[in-house]
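# Secondary and tertiary structure notes
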Amino acid sequence: MEWEAVEKRLNDLLHSGKKEELRGAMRMLHEADIAQYMENLDQDQLLKVFRILPKDISADVFSYMSPEQRQLLIESIGDQEIRALVDDMFLDDAVDFLEELPAGVVRRVLQSAAPEKRQLINQFLRYPEDSAGSIMTIEYLEFHRGDTVKKAMETIREVGLDKETIYTLYILDKNRGLIGTLPLRKMILAREDAELSEMMEANPISVFTTDSKEKVAEVVRRYDLMAIPVVDRENRLVGIITADDVMDVIEEKNTEDFERMAALTPSEDEYLRTSPFKLALNRIPWLLIMAAVAMLTGMIIDSYEGLLKNASIVLTSCIPMLMNTGGNCGSQASTLMIRGIALGEIRFQDIFRAAWKELRVGLMVGAVLFLFTFLLVFLIYQAPPQVALIVALALYCTVLIAKALGCMLPLCAKKVGFDPALMASPLITTLVDAASLTIYFAIATMILRVLPV
């Protein structure tokens, strides 16, 4: 059934006051779909639908709602309802939810939460926002050396529903040190009297609480993990990070990279929920910087005004082609570098290997463009051979410079602690423009001095 039909059916049940039928209809939907339906409801309807929801799925639906709808709901319900809601949420979802709320609303939620939950939430909120500790959860299955398959199965039946994942078991020593992991499927096929430590995978892949979220995502991607344990500096297990949280990190990082590649200050808000003032504020700084840098282009052209008048109108008309081609070449190289850095395929120590590779690419691309441009200017524009040579040779040099800048700048940015995505299309294009014009007029000056038109 199409979503529009589902939404219309739910609206009909809501407006006609058929609560039981509405509850039954929502039971047939995924929690994310219910949250999507509630997105367009006003405050009174939102509260009504949320209170109709089956209690066993209300916390899951809440975790899928937008920050604005969550805040609206929290401001509409009582303290007892808040307590029940927070207590039913997985800890990482509760922490993520609270990080998006104003301080006054956070205080009310924490005051309403159970003391044990409040203590845990406060502990998680103290982790740096970009760290593994801030996105981990403590809802996992842990066992100790000597525990058997039979005991593990009994524990899973007893508490498995309250855990975020049961697909991996974590084996600890007496000091809570992580000594191994065990896939659930492997345990299910084993004898009941077999010890978990005999079947576990020793020396498991893990991350520290202080590691960045980007590093967590990189490790999970590299080793194809469903979940990754988080340990402290003494290798004691303090939590796990599941694949759904890693996907959120990857989406957030990709969004930031796209925004930086377009010369925007990253924003955590959705586009349609962001005010025009904030959007403008995110764009102005980079536009000012690039406008200032672009003025170099005008200064370079002004300084060679006499050359342009005396040589040929062709030199002037070829400037846009030269700058556009150089910017495109630089963008191609920087895009590949940024992707390689993001995937962990390229590091700063690879800078000379990458530069050598791009140089060889540039030599081949430049040779083709040199021949094409020379023939185009000489035959189509019917310019003198020396003018065609100036344009073609300048383009060849521009391609090489653009490839070098596009290759090396993202790696250098990464090395000094900046986001490599900053060195993407707008900035690369602006720098290449200035470099290409300098090369262009320098070549023109040398050739025309020897072979005047």
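Each remark here, short or long, concerns the structure printed above.
Computed from a predicted model, the values in this text were never measured in an experiment.

The next subject is the side chain of Thr242. Locating Thr242 in the fold gives a position in strand 7 (residues 237–242). A distance of 2.4 Å separates the side chain of Thr242 from the side chain of Asp244, its partner in a polar contact. Setting aside residues up to four positions removed in sequence, Thr242 forms contacts with Glu164, Thr165, Met226 and Ala227.

Look at helix 4 (residues 43–52) against helix 6 (residues 67–74): their axes get within 10 Å of each other, and the N-to-C directions meet at 80°. With respect to each other, helix 4 and helix 6 are oriented roughly perpendicular. Here helix 4 contributes Gln43, Leu46, Leu47 and Phe50 to the contact with helix 6, which in turn contributes Gln69, Leu72 and Leu73. Of the residues belonging to the contact of helix 4 with helix 6, the class tally is five nonpolar, two polar and no charged.

Next up on the list: the nonpolar core. If you look at the biggest cluster of nonpolar residues, it comprises 57 residues, and the most contacted ones within it are Met38, Phe62, Ile74, Val109 and Ile241. Residue contacts for Met38: discarding those within four places in its chain leaves Leu46, Val49, Phe50, Leu53, Val61, Met65 and Gln69.

With that settled, the discussion passes to the packing of aromatic side chains. Applying the stated criterion to the full structure yields five aromatic pairs. Between Tyr140 and Tyr170, the aromatic rings sit 5.8 Å apart at their centres with planes inclined by 80°, giving edge-to-face as the arrangement. Of this pair, Tyr140 sits in the loop between helix 10 (115–125) and strand 1 (141–144) while Tyr170 sits in strand 2 (residues 168–172); the two residues are 30 residues apart in sequence, bridging distant segments of the chain. Residue classification places Tyr140 among the buried residues on the basis of a relative accessible area of 6%. When the ring of Tyr440 is compared with that of Phe441, the centres are 5.4 Å apart and the planes differ by 35°; the resulting orientation is tilted. Given the relative accessible area of 1%, Tyr440 is considered buried. Lying over the aromatic face of Phe62, Arg70 brings its terminal NZ or CZ to 5.8 Å of the ring centre.

Basis of the calculations
- Every chain begins its residue count from 1, and numbering advances along the sequence as written.
- Where totals are concerned, whole chains, interfaces and linings use all residues; where local detail is concerned, this predicted model gives features only for residues with pLDDT of at least 70, and gives and counts side-chain atom pairs only at 80 or more.
- For side-chain calculations, the full set of non-hydrogen atoms in the structure is used, while hydrogens and water are omitted.
- Elements are defined by DSSP. Helices are runs of H or I of four residues or more, strands are runs of E of two residues or more, and each kind is numbered from the N terminus.
- A 3.5 Å cut-off defines polar contacts: any pair of N or O atoms within that distance qualifies, except that in protein one atom must be a possible hydrogen donor and the other a possible acceptor, and neighbouring residues in sequence count only when both atoms are side-chain atoms.
- We call two residues in contact when some of their heavy atoms are within 4.5 Å.
- Axes, fitted as lines to C-alpha atoms, cover a helix only where it is in contact. Angles between the N-to-C directions of the axes lie from 0 to 180 degrees.
- Reported orientations rely on four angle classes, namely roughly parallel under 35 degrees, roughly antiparallel over 145, roughly perpendicular from 65 to 115, and oblique for the rest.
- For this scheme, ten residues count as nonpolar: Ala, Val, Leu, Ile, Met, Phe, Trp, Tyr, Cys and Pro. Four count as charged, namely Asp, Glu, Lys and Arg, and the remainder, Gly too, count as polar.
- Residues enter a nonpolar core if they are buried and are Ala, Val, Leu, Ile, Met, Phe, Trp, Tyr or Cys, with the set joined through side-chain atoms within 4.5 Å.
- For every residue, the accessible area (1.4 Å probe, protein chains only) is compared with the maximum for its type, and the residue is labelled buried under 20%, exposed over 50%, or partly exposed between those bounds.
- Whether two aromatic rings pair depends on their centres lying within 6.5 Å, for rings of Phe, Tyr and Trp, where Trp uses its six-membered ring; planes under 30 degrees apart make the pair stacked, over 60 edge-to-face, and the rest tilted.
- Working rule: Lys NZ or Arg CZ, within 6 Å of ring centre, within 35 degrees of ring normal, means a charge sits over the ring.

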